[in-house]
Amino acid sequence: MSGVWTGVLLCVCVCVCVKAQRHGPPGLPPLSPLRQHHHDPTVEPEQNMTSNKIEVQSVKIDCKVASRFAHTVMTSTALNKANVSQEVFFEVELPKTAFITNFSMEIDGQTYVGEIKEKEKAKEQYEKAVSSGQTAGLVKASGRKMEKFAVSVNIAANSGVTFTLTYEELLQRRFGKYEIMIRVKPKQLVQHFEIVADIYEPQGIAFLNTNATFLTNELIPLVKETITDKMAHMSFSPTLEQQRKCPDCDGTLIDGDFIITYDVNRAEDIGDVQVYFIVNGYFVHFFAPADLPRLSKNVVFVIDRSGSMQGKKMEQTQEALATILDDLYQEDYFGLVTFDNTVEFWRQSLSQASEENIKEAKKFVETIKARHMTDINEGVLQAVDMLTTAKKNSSLPDNSASMIILLTDGEPTSGEQNVSMIQENVRNAIGGNMSLFCLGFGYDLDYAFLDVLAKQNEGLARRIYEASDAVLQLQGFYEEVASPLLLEVNLHYPGSVVNSLTNSHFRQLFNGTEIVVAGQLNELEVDNFLVEVSAQGLEDEFLVRGQASVEEWALMFPEQEYIFGDFTERLWAYLTIQQLLDKRDNCAPEEIENITAEALDLSLKYNFVTPLTSMVVTKPQTDEKPEDTLIADKLSEEQRRDITPLDFDAVSVPIALQSIGTPNFAVGLSSIPLRSMKLMVDGDPHFIIEIPNLNDALCFNTDDQPGTIFNLVRDPLTGFVVNGQTIGDKKVEPGSKGHTYFGRFGIVHETFDIRLTVTTQEILVSEQGKHEELLWSKTSTVKGINMELHVSKDRSLTVTMKNSVKFVIILHKVWKKHPYHQDYLGFYTLDSHLLSQSVHGLIGQFFHGIKFEVSDLFQGKDPEKPDATMSVKGNRLTVTRGWQRDFRKDVKNGETVPCWFIHNNGTGLIDGDLRDYVVSDLFKSI
């Protein structure tokens, strides 16, 4: 089950699952080591007999928000009523911007608590856990905004366990509101299920709305709300019977999002500056004055038109720009800059957003085509020059906000390619006179580079996910910055009264957002002090002063003696740590060490899991299992880049396309992160070696007879083998070329004693002598001792092997009555970096890199597909710029992937000859 809040959006998902141990007492039938996450009525009764004796007694999500600082406690209790020990799983999704502060497991009266340590000091335990084959990570990326915390523990017969996870986060105001979203997906009935949210806001609650995607007429009355001037209480607690889909079934109605939105009162008098309040000497100041007039803006849109933007990304960008241009205000000025390895302009100077100019600009947008390389440096510098020139010529409105919005999907491959030098060039050119916002399209880009580039220039970076809603994502970001209200905002406090201030200068304040400053009083006896806010407004200088009265929290909420400790101090610490981590990206090298040390000290003092700390969880030892040590880390964006695309259902996986340009480059993949290598085989069969870091790919086909079995991957050290058997068309017209596809895969992992057979009809899995059959016709998730499988109905099978490899098999369904074609399969590797250096096979040989050089572009047989010379493995080959289909995002139609095509069954690229990879049996290693 799940629950969600985050800074705007806080996310949580709790799931308690069970897995029977491999060995039961005499007299009981063998138990499958695979556990299903959901009730499946097709499973035989004896298969579920033991699992049904795990009773999830309670799940409670307790969210408390005090002055926008959210404290969430997830508690779940399960009881093993069986007469054999079983494994209970606890999974929680939390926002990626939240800090975990505590985790504990209570088993038979004994509590096991996670310990937060400096990351380096936890590293030894982490490496020990990895080397011993134990699961070493508790946190994985999950979708766009969430991270998944997951842990399991073995519970003896007739024993119980209580899991408790706590995390904290400062909510951010966006579009004039805060949002609490609790994602509720228990996937099973829960004895005592409860969601509770309490909101305490000294400014007063202006409005509060509650909604849920799963509420029926019967469930609506169960949502209880109590709202007073400064407090709100919400609860939702359906009984076991009220959760049921029907009186005689175990399915649950509770499946969807529970959403609370609210805002606080904003004083109409903009001179009313309020500071709330003192707890343990700490204060927090929220500044978001109401009814300020909007400033006009000068915005230059810098659009990447490199080859990798071809197709859906460019279409979505053009659609979003058309809407954004329509949303410009008439007093705004704007420009359009496009770049690949050259820079082009709609117009050389800024234009006012008149109706006629908007119409002409939209026509220009329609003509943008994806073409060559990626010169980010020159594209941004030209936009800076455009704004700077307009300002010098006094052609812009007074007191207007200048900004650049960069959209790119790749890394610099033309012009200046050193990212540090690009950052320095842009920072020097901007000189603090405008803001730069960076939108990174997809995952095959250097997000850290864009993040620093934005922070150094008073902006922010945002990832745009390749999905059907990419247009809305682009429009949504623009709306956040569309209405600047103030520039150069400074909040002043008397130095004799306050210390330890968080940031108190802000480049701009946008409509619907909020500025937050926290600090500490020098003396607790202070009753009030002067606060001054100065900024640049529409007409002239904005200046307001006010007395901040010191009001104790206990006096404002006398009936709430305890909420969750000294929350203003923890809010200050949270905000300070976040800002210190950001400051590291925008300071002199000699300052980094001191800034990092300060952020680390605060992380340890307040028990936060941050990028500088880890939480070490020691699971109890049992008769069957030794003590197990696990590590929970805060993921960096680079780690999310590696992990998040692996979740096939959460986020569309990006494809990096490289246009031809004038290639002349040498590639050594030893310097490229191994997870950047993506290997795939699909279609007739097409082998694609994707290299996202280079925005390029190599590809080749195989010509063979139906029934041939090829070895795709073999790792002699682990005994991991993947073989694929081809099938042909139902019918081949006389004189036509016959096509072959993969129709069966055989996968073996000898170390784990795993054997997996995947056909277009069924999925058969065997682990340590226990067997399971999965059907393509239903979505299901199954977890074994060393393997997890997820079937997405009639679409894909994702297989994750513990500390080993992750891959996806795609099912291509064809109309049953099609006269020629039949269903077939595709194979895509997602994570192979843990395989040994000895790994080989038709695609396995490329897991650890391939060196090649492409040069001497010349006209080939096909005018649309130029040829070039490739140097690879001591061979000089003639290769063609071809196209293949990648079906990861669109199983039906696929997406075109430009690649260097190697002829003659990959001869010269693959080791040896194609026939060297033919095996006699689906599970045989060469």
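Structure first, text after, so check above.
Scoring rules and cut-offs
Residues numbered from 1 in each chain as written. Predicted model: local features only at pLDDT ≥ 70, side-chain atom pairs only at ≥ 80, totals over all residues. Heavy atoms only, no water. Helix = DSSP H or I, 4+ residues; strand = E, 2+ residues; numbered from the N terminus. Contact = heavy atoms within 4.5 Å. Areas by Shrake-Rupley, 256 points an atom, 1.4 Å probe, with all protein chains shown as cover. Buried < 20%, exposed > 50% of the residue type's maximum accessible area, 1.4 Å probe, protein only. Pairing = 2+ DSSP bridges. Axes fitted to C-alpha atoms, helices over the stretch in contact; angles between N-to-C directions. Left-handed = near helix turned anticlockwise from the far one by under 90°. Nonpolar A, V, L, I, M, F, W, Y, C, P; charged D, E, K, R; others polar. Disulfide = S-S within 2.5 Å. Core = buried A, V, L, I, M, F, W, Y, C linked by side-chain atoms within 4.5 Å. Expected span 1.5 Å × (residues − 1). Right-handed = clockwise from strand over helix to strand, strands pointing away. Salt bridge = Lys/Arg side-chain N within 4 Å of Asp/Glu carboxyl O.

Novice: Please explain the overall build of the chain as it appears in this structure.
Specialist: What the chain contains, in helices and strands, is 14 helices and 56 strands. Contacts in the chain between residues at least 24 apart in sequence constitute 68% of all its contacts with a sequence separation of at least 6. Working note: accessible area of the chain is about 37,500 Å², and carbon and sulfur atoms make up 47% of it.

Novice: What is the right way to look at the environment of Ile809 in this model?
Specialist: Turning to its location among the elements, Ile809 is positioned in strand β50 (residues 805–812). Ile809 gets classed as buried once you look at its relative accessible area, which sits at 0%. The sequence separation of Ile809 and Thr759 amounts to 50 residues, and the corresponding C-alpha distance is 9.9 Å. Ignoring sequence-local partners within four residues, the contact set of Ile809 consists of Phe745, Ile747, Val758, Trp776, Arg795, Ser796, Leu797, Leu825, Gly826 and Phe827.

Novice: Any chance you could explain the sheet that holds strand β33 (residues 528–536) here in plain terms?
Specialist: One key point about sheets: their strands pair by backbone hydrogen bonds, in either a parallel or an antiparallel sense. An order of β31-β29-β33-β34 is seen for the four strands of this open sheet, with the pairing classed as antiparallel. Each of the sheet's edge strands pairs with one partner strand only, and the pair in question is β31 (505–510) and β34 (541–549). Between one strand axis and the next, the sheet turns by 30° as a mean value, whatever way the strands run. Two elements, strand β29 (residues 484–492) and β31, share five bridges in a ladder whose sense is antiparallel. When the sheet's bridge partners are listed, Val489 is paired in β31 with Phe506.

Novice: What should I look at first to understand the sheet that holds strand β16 (residues 205–212) in this one?
Specialist: Strand order in the open sheet formed by three strands is β14-β19-β16, with antiparallel pairing between adjacent strands. In this open sheet, the two strands that pair with only one neighbour each are β14 (178–184) and β16. Direction aside, the axes of adjacent strands within the sheet are offset by 10° on average. Pairing geometry for β16 and strand β19 (residues 256–264), over seven bridges, is antiparallel. Across the sheet, the residue bridging to Thr210 is Ile260, located in β19.

Novice: Before we go on, may I ask you to explain unusual backbone geometry in this structure?
Specialist: In terms of backbone geometry, most residues other than glycine have negative phi values and most peptide bonds are trans. One non-glycine residue, Asp108, adopts positive backbone phi at about 50°. Looking at the secondary structure, you find Asp108 in the loop between β8 (99–107) and β9 (110–113). Take Asp108: its relative accessible area is 56%, and that puts it in the exposed class. Here the phi dihedral of Asn607 falls at roughly 60°; this positive angle occurs in a residue that is not glycine.

Novice: Looking at this structure, I do not really get the packing of helix α4 (residues 312–326) against helix α9 (residues 470–481). What am I missing?
Specialist: Across the interface, α4 lies against α9 with an axial gap of 9 Å and an inter-helix angle of 35°. Regarding α4 and α9, the two cross each other, and that crossing is right-handed. Within the contact between the two elements, α4 uses Gln316, Thr317, Glu319, Ala320, Thr323 and Ile324 and α9 uses Ala470, Val471, Leu474, Gln475 and Tyr478. Of the residues contributing to the contact of α4 with α9, the split by class is six nonpolar, four polar and one charged.

Novice: Sorry, what's going on with the state of the cysteines here?
Specialist: Simply put, the disulfide is a covalent bond whose two ends are the sulfur atoms of two cysteines. Tallied over the entire structure, the rule returns two disulfides. The disulfide partner of Cys246 is Cys249, and the gap between their sulfur atoms is 2.2 Å. Residue Cys246 is classed as partly exposed on the basis of its relative accessible area, which comes to 32%. Put simply, Cys699 and Cys899 are joined by a disulfide, and their sulfur atoms are 2.0 Å apart. One quick way to see it: the torsion about the S-S bond of Cys699 and Cys899 is about 65°, and its sign makes the bridge right-handed. Taken as a pair, Cys699 in strand β40 (residues 696–701) and Cys899 in strand β55 (residues 895–902) lie far apart in primary sequence, 200 residues in all. Under the relative-accessibility criterion, Cys699 is labelled buried at 1%.

Novice: Just checking my understanding: could you explain the nonpolar core for this structure?
Specialist: One recurring pattern in soluble globular proteins is that nonpolar side chains are buried together. Core analysis: the biggest nonpolar cluster contains 60 residues, and Phe103, Phe149, Phe163, Phe236, Phe258, Tyr262 and Met615 have the highest contact counts within it. Among the elements that take part in this core, strand β5 (residues 54–66) stands out by supplying six residues, more than any other. For Phe163, the residues in contact, after removing those within four places along its chain, are Met74, Thr75, Ser76, Val88, Phe90, Phe103, Ser104, Met105, Val151 and Val153. Counting 56 residues, the second-largest nonpolar core is a separate cluster that includes Leu756, Phe827, Leu835 and Ala868.

Novice: Looking at this structure, I do not really get helix α11 (residues 567–583). What am I missing?
Specialist: For an α-helix, the turn length of 3.6 residues means that residues three or four places apart are oriented alike. Across its 17 residues, α11 extends 24 Å between first and last C-alpha, which sits within 8% of the 24 Å expected from 1.5 Å per residue. For α11, the buried fraction is high: 14 of the 17 residues fall into the buried class.

Novice: Please clarify how the pairing of strand β27 (residues 435–441) should be interpreted in this entry.
Specialist: On any regular strand, side chains alternate: one points to one face of the sheet, the next to the other face. For β27, the buried fraction is high: seven of the seven residues fall into the buried class. Residues of β27 alternate between two faces, with Ser435, Phe437, Leu439 and Phe441 on one and Leu436, Cys438 and Gly440 on the opposite face, all of them buried. Sheet topology note: the strand β26 (residues 401–408)/β27 ladder contains six bridges and is parallel. Bridge pairing in β27 links Leu407 to Leu439. After leaving β26, the chain enters helix α7 (residues 419–430) and then returns to the sheet as β27, a path that is right-handed. Sheet topology note: the β27/strand β28 (residues 461–464) ladder contains four bridges and is parallel. Paired with Gly440 across the strands is Arg463, a residue of β28. Taking the sense of rotation as the criterion, the β-α-β connection linking β27, helix α8 (residues 447–455) and β28 turns out right-handed.

Novice: Is there a simple way to think about the pattern of salt bridges in this case?
Specialist: If the charged atoms of two oppositely charged side chains come close together, the side chains can form a pair. Here the structure, examined in full by the defined rule, presents 31 salt bridges. For Lys455, the salt bridge is made with Asp451, and the minimal N-O distance between the two is 2.9 Å. A residue pair is termed a helical-turn pair when its members lie 3 or 4 positions apart in one helix, as Lys455 and Asp451 do in helix α8 at four residues. Owing to a relative accessible area of 22%, Lys455 belongs among the partly exposed residues under this scheme. For Asp823, the salt bridge is made with Lys813, and the minimal N-O distance between the two is 3.9 Å. In this pair, Asp823 is assigned in the loop between β50 and β51 (824–831) and Lys813 in the loop between β50 and β51, connecting sequence segments 10 residues apart. Exposure remark for Lys813: the relative accessible area of 49% places this residue in the partly exposed category. If you follow the salt bridges from partner to partner, you end up with Arg68, Arg173, Glu201, Asp263, Arg266 and Glu514 in one network.

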